[in-house]
Amino acid sequence: MPDIDTTTSKPQPGHYVAPLEETPLDAIDTIKAEGKPSNLWIDAWADLRRRPMFWISAAMILIIVFVALFPGLFTSEPPNSNCQLANSNGAPTDGHPLGFTRQGCDVWSRIVHGAATSLSVGIIVTILVFTLGVLFGAFAGFYGGWVDGLLSRIGDIFFAIPYILAAVVIMSVLADYRNVWVISLAIGLFAWPVTARVLRSEILRVKQSDYVTAATAIGVPRFKIMWAHVVPNSIAPVIVITTIALAGAIVAEATLSFLGVGLPSTFMSWGNDIAQAQTTLRTAPQVLLYPSIALSLTVFSFIMMGEVIRDALDPKARAQR
């Protein structure tokens, strides 16, 4: 019963205390930790595993990499030697499923051995673009001020020059030194500004976060904050761009070889095969068709992988599905 004040004859609110047995303190202080910890990368992997396109593109990439690493498992025919003009533009025969080139070389063997060259150029260019883009973008976005101004202007200079045109000039000047490393440097040195710009804009957003302010308040060095907190939380868009850039690098190598300023004809390259087959397009189109299909499937697989990774790392895209 509530207490009654006899002077005013008005009921006063009572004081109710729940029995301790009904609300044990252990239940109140317990933190629910049944769910597994989650972050952007865990959520992205969970999303990727449910998407058939991810597994299809991953399988295609693994097959291409396996062929590039172990070409001897797929063909025993040497790509350059044992070429006989009697087989020029010949039809498929036993042991030669795709026929012969104009010089009488086995088309299948050249495609298998050309995978290593094209993939090597793509990987080297991607590593170079990623490294330069992350360095320039991270320092420009995090430190700002004159550092941002200087690095951004350098990036603008390289961005204003089409990397294909720059690679043509470099490969023409270094005509006597054409190899995988030279062509990779010629492409990669002018293809990184896009990566730097994307990372810079993402770092400008992330560095305003509360955890960055907290780390600064407790005296963590700025350089450590940048590499330990800001860059890891800004790198997702760069990974997407890098995956797609690998496909672009493979196309760039083929383009340069097709223009005659790429790798020498002694190198097994899909671009070289396409360039050499253009003269026989009307009489023997299959010689041009097969390396073009190999190039297209490789580029398509990396573009598909980049697309699914982009969707998985974009929380808004996941929320809309």
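Because the structure is a prediction, the values reported are computed rather than measured. (Residues numbered from 1 in each chain as written. Predicted model: local features only at pLDDT ≥ 70, side-chain atom pairs only at ≥ 80, totals over all residues. Heavy atoms only, no water.)

### Examining the overall build of the protein chain
Regarding its fold elements, the protein chain presents 14 helices and two strands. Residues classed as buried in the protein chain amount to 40% of the 321 residues present. Roughly 18400 Å² of accessible area belongs to the protein chain as shown, and the carbon and sulfur atoms make up 66% of that amount. (Helix = DSSP H or I, 4+ residues; strand = E, 2+ residues; numbered from the N terminus. Buried < 20%, exposed > 50% of the residue type's maximum accessible area, 1.4 Å probe, protein only. Areas by Shrake-Rupley, 256 points an atom, 1.4 Å probe, with all protein chains shown as cover.)

### Quick word on the nonpolar core
Ile250, Leu295, Phe302 and Met305 are the most contacted members of the largest nonpolar core, which totals 35 residues. For this core, the secondary-structure elements that each account for two or more residues are α2 (40-49), α3 (52-69), α4 (107-143), α11 (236-259), α12 (270-277) and α13 (285-313). The leading source of residues in this core is α13, at eleven residues. Leaving out residues up to four positions away in the same chain, phenylalanine 302 has contacts with Ile61, Leu119, Thr243, Leu246, Ala247 and Ile250. (Core = buried A, V, L, I, M, F, W, Y, C linked by side-chain atoms within 4.5 Å. Contact = heavy atoms within 4.5 Å.)

### Let's talk about the environment of isoleucine 274
Relative to the helices and strands, isoleucine 274 resides in helix α12. What makes isoleucine 274 buried here is its relative accessible area of 12%. Along the sequence, isoleucine 274 and phenylalanine 258 sit 16 residues apart, while their C-alpha atoms lie 6.6 Å from each other.

### Looking at the packing of α3 against α13
For the pair α3 and α13, interaxial distance at closest approach is 9 Å and the crossing angle is 140°. Considering their axes alone, α3 and α13 lie oblique with respect to each other. The handedness of the crossing between α3 and α13 comes out as left-handed. Contact residues: α3 offers Met53, Phe54, Ile56, Ser57, Ala58, Met60, Ile61 and Ile64, while α13 offers Leu297, Thr298, Phe300, Ser301, Phe302, Met304, Met305 and Val308. (Axes fitted to C-alpha atoms, helices over the stretch in contact; angles between N-to-C directions. Parallel < 35°, antiparallel > 145°, perpendicular 65-115°, else oblique. Left-handed = near helix turned anticlockwise from the far one by under 90°.)

### Some remarks on the side chain of asparagine 272
Considering the arrangement of structural elements, one finds asparagine 272 in helix α12. The residues contacting asparagine 272, other than those within four sequence positions of it, are Ser257, Leu263, Pro264, Ser265 and Phe267.

### What to know about the packing of aromatic side chains
Inspection of the entire model under this criterion finds 13 aromatic pairs. When the ring of phenylalanine 223 is compared with that of tryptophan 227, the centres are 6.2 Å apart and the planes differ by 65°; the resulting orientation is edge-to-face. Placement of the pair is phenylalanine 223 and tryptophan 227 together in helix α10 (residues 222-230), with a separation of four residues, close to one helical turn. Members of the aromatic cluster, each reached through a chain of ring pairs, are Phe139, Phe142, Tyr143, Phe223 and Trp227. Here arginine 197 stacks its cationic end above the ring of phenylalanine 159, 4.3 Å away from the centre of that ring. (Phe/Tyr/Trp six-rings, centres within 6.5 Å; stacked < 30°, edge-to-face > 60°. Lys NZ or Arg CZ within 6 Å of the ring centre and 35° of its normal.)

### As for the UniProt feature "transmembrane region" (unreviewed entry) in the protein chain
Summarizing the sequence annotation, UniProt attributes the feature "transmembrane region" (unreviewed entry) to residues 54-74, 119-145, 157-175, 181-199, 235-259 and 288-309 in the numbering used throughout. Between the first and last C-alpha atoms of residues 119-145 the distance is 39 Å; the span itself is 96% helix and 0% strand. (UniProt positions renumbered as here; feature names shortened; annotations may be inferred.)

### Description of α4
The terminal C-alpha atoms of α4, which comprises 37 residues, lie 53 Å apart, in line with the 54 Å expected from a rise of 1.5 Å per residue. You can read the cap of α4 off the contacts: a side-chain oxygen lies 2.8 Å from the backbone nitrogen of serine 109, and it is on aspartate 106. Positive backbone phi, at 60°, marks glycine 144, one or two positions downstream of α4. (Expected span 1.5 Å × (residues − 1). Polar contact = N/O pair within 3.5 Å; in protein donor to acceptor, adjacent residues only side chain to side chain.)

### Observations concerning the pattern of salt bridges
Taken as a whole, this structure holds nine salt bridges when the rule is applied. Here arginine 110 and aspartate 273 are joined by a salt bridge, their closest N and O atoms 2.7 Å apart. You can see arginine 110 sitting in helix α4 and its partner aspartate 273 sitting in helix α12, a full 163 residues away along the chain. In terms of burial, arginine 110 and aspartate 273 fall into one category: buried. (Salt bridge = Lys/Arg side-chain N within 4 Å of Asp/Glu carboxyl O.)

### Notes on the environment of leucine 150
Residue position: leucine 150 is located in helix α5 (residues 145-159). Relative accessible area serves as the criterion here: at 45%, leucine 150 is assigned to the partly exposed category. Considered as a pair, leucine 150 and phenylalanine 136 are 14 residues apart in the sequence and their alpha carbons are 10.0 Å apart.

### Thoughts on α3
Its 18 residues place the ends of α3 26 Å apart at the C-alpha level, agreeing with the 26 Å of an ideal helix rising 1.5 Å per residue. Residues of α3 that are buried: Phe54, Ser57, Ala58, Ile61, Ile64, Val67 and Ala68.

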